Amino acid sequence: MGGRLRGAVVGLRMGRAHLRAMLGHPEVEVSAVCDLNPEARDKALEEARAAGAEPRGFDDWPAMLAEAQPELLAIATPNRLHAAMTCQAVAAGVRAICCEKPMALDLAEARAMVRACREAGVPLVINHQRRVGTDLVWLREQIAAGALGEVSLIRATCAGDMLSDGTHLIDSALFLAGDPEWEWVFAGWHRDQDGGDEVVGGGFDKVGGWRFGHPVEDGLFAVCQLAGGPRVELLTGDLRVPGRPYHDLEIMGSRGSLWRAGDSLGTNLFCRGADGGWEPVPDRPGPDVRPAIPESYRRLVELTLAGGDDREHPMGAANALRGFELLIGALESGRTGAVVRPPVSQECYPLAVAPDPT
Ligand SMILES: NC(=O)c1ccc[n+]([C@@H]2O[C@H](COP(=O)([O-])OP(=O)(O)OC[C@H]3O[C@@H](n4cnc5c(N)ncnc54)[C@H](O)[C@@H]3O)[C@@H](O)[C@H]2O)c1
């Protein structure tokens, strides 16, 4: 490996986790941080300086691209900005991008950002970080080794909406199943608070049926058939499985079941014992022995310096786009009441499509 990458982060709330991962990487020199909010910017600058870096602070994103010329870029701004910022960064000459989930608001944007990165040879990863966390890697290994026999169902549930939260569930379910193609999805969702066209709600705040400046649903259920593999059931928002924690995954096979009871750092992996009850999984590696976001950056930096491709990264754009198409397919199925199969032809965000006048 040779050379260092000039790193930069735009959007400095969740972006602080990206900043921390870059600051801890020996091949990355953090040279710029950018946020419209001066307080967020100052906190990030303070953290970077405490770690021995001397980045410049920007409030103007195009100015940061032009003046700091980042090579490794983290995009952690609200969802509606991800695709445009990715394409602008590619045009400005970045060498690698880690963009927050969801990758975009609609399929037209998602396909365009993946195309722009591919054409420019820029590896793009989407921050579904659980893919490189200890839990999911261990679970995927168990499934692949046949520990559960034939897996017929993965049930995934969490609070929140599909774009911001369900995207993680879909991504995890596809990862556990070995990243197969999907055959069809059938879903229903409801949005009780339609606050009209006024863009409201930022970050975690859902206001009037909006979040991050785009409409969101209150609850969704979906059933999806994976090619040659299990079915996936998704239950989110107020249709989630009651009592289950955030990002809960149950994997059912012919010889047994495994349950990841959310993101807890305590005991969160269980198997179904002989008496039919859940028992903690014995002899597994401790949770989060390998913090996921730094691990993702370790792989991204390595493949960037080696001239590699996003397909070499588990969180790479190819896997993310497959899951995003399924996410949009589920929302479109709920909108139309029909089964949706890939390739999904609805390129708009289904919640922003005007209802049929009939
Ligand atoms: N991977 C995860 O586990 C995870 C967790 C939380 C959030 N996220 C994602 O991270 C992203 C950000 O989430 P958040 O909770 O930090 O949101 P937030 O709204 O709290 O913060 C976004 C930040 O971006 C800044 N910003 C907005 N527009 C900007 C612009 N044009 N130029 C520069 N800065 C701008 C805002 O000032 C704000 O500080 C979202 O896409 C969200 O889905 C991912």
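Now for a description of the structure that goes with this document.

What counts and what doesn't
Residues numbered from 1 in each chain as written. Predicted model: local features only at pLDDT ≥ 70, side-chain atom pairs only at ≥ 80, totals over all residues. Heavy atoms only, no water. Helix = DSSP H or I, 4+ residues; strand = E, 2+ residues; numbered from the N terminus. Rg over C-alpha atoms; globule rule 2.2 N^0.38 Å. Buried < 20%, exposed > 50% of the residue type's maximum accessible area, 1.4 Å probe, protein only. Contact = heavy atoms within 4.5 Å. Areas by Shrake-Rupley, 256 points an atom, 1.4 Å probe, with all protein chains shown as cover. Near = heavy atom within 4 Å. Polar contact = N/O pair within 3.5 Å; in protein donor to acceptor, adjacent residues only side chain to side chain. Nonpolar A, V, L, I, M, F, W, Y, C, P; charged D, E, K, R; others polar. Core = buried A, V, L, I, M, F, W, Y, C linked by side-chain atoms within 4.5 Å. Domains from an automatic or database assignment. Pairing = 2+ DSSP bridges. Axes fitted to C-alpha atoms, helices over the stretch in contact; angles between N-to-C directions. Right-handed = clockwise from strand over helix to strand, strands pointing away.

### Thoughts on the overall build of the protein
- On a plain count of helices and strands, the protein comes out with nine helices and 16 strands.
- For 358 residues, the compact-globule formula gives about 21 Å, and the C-alpha radius of gyration of the protein, at 20 Å, lands near that figure.
- Considering only C-alpha atoms, the protein reaches an extent of 60 × 55 × 35 Å along its principal axes.
- Sorting the 358 residues of the protein into buried and exposed places 55% on the buried side.
- Taking contacts inside the protein between residues at least 6 apart in sequence as the whole, the part at least 24 apart equals 66%.
- Carbon together with sulfur atoms contributes 51% to the accessible area of the protein, which is approximately 14,900 Å² in total.

### A closer look at the side chain of Glu47
- Considering the arrangement of structural elements, one finds Glu47 in helix α2 (residues 38–50).
- With relative accessibility at 18%, the residue Glu47 sits in the buried group.
- When near neighbours in sequence (up to four residues on either side) are disregarded, Glu47 contacts Arg16, Arg20 and Leu23.

### Quick notes on the site of the ligand
- Contacts to the ligand come from 22 residues, most closely from Arg13, Asp35, Asn79, His82 and Lys101.
- Between the ligand and His82 there is a distance of 3.0 Å, counted from an oxygen atom to a side-chain nitrogen or oxygen.
- In the model, an oxygen atom of the ligand is placed 3.4 Å from a nitrogen or oxygen of the His168 side chain.
- Protein contacts shield 84% of the accessible area of the ligand, which totals 850 Å² for the unbound molecule.
- Broken down by class, the residue content of the shell around the ligand amounts to nine nonpolar, nine polar and four charged.

### Quick word on the nonpolar core
- In this structure, Ile97 and Met103 are the most contacted members of the largest nonpolar core, which totals 75 residues.
- In terms of residue count, the dominant contributor to this core is helix α9 (residues 317–336) (nine residues).
- If you count residues domain by domain, this core takes at least three from each of domain 1 (5–128 + 291–314) and domain 2 (130–289 + 323–350).
- Judged by nonpolar contacts, the second largest core, of 25 residues, contains Ala21, Met22, Val33 and Val132.

### Concerning the sheet that holds strand β7 (residues 151–158)
- With mixed pairing, eight strands are arranged side by side in an open sheet as β8-β11-β12-β7-β13-β14-β15-β16. What marks the edges here is a single partner per strand, and that holds for β8 (182–190) and β16 (278–280). Taking each pair of neighbouring strands and ignoring which way they run, the sheet shows an average axis angle of 15°.
- In this structure, strand β14 (residues 257–260) lies alongside strand β15 (residues 269–272), joined through three bridges in antiparallel fashion. Considered in β15, the bridge of Trp259 is made with Phe270.
- The strands touched by helix α6 (residues 134–144) are β7, β13 (248–253), β14 and β15; relative to β14, the strand with the most contacts, the crossing angle is about 170°.

### Some details on the pairing of strand β5 (residues 96–99)
- Residues Ala96 and Cys98 point to one face of β5 and Ile97 and Cys99 to the other, with burial holding for every one of them.
- As judged from the four bridges shared by strand β4 (residues 72–75) and β5, these two strands associate in the parallel manner. Residue pairing for β5: Leu72 is matched across the bridge by Ala96.
- In the classification by handedness, the crossover that spans β4, the intervening helix α4 (residues 82–92) and the parallel β5 is right-handed.
- Where β5 and strand β6 (residues 124–126) come together, three bridges link them in parallel fashion. Each residue of the ladder has a partner; that of Cys99, found in β6, is Ile126.
- The parallel pair β5 and β6 is bridged by helix α5 (residues 107–120), and the resulting crossover is right-handed.

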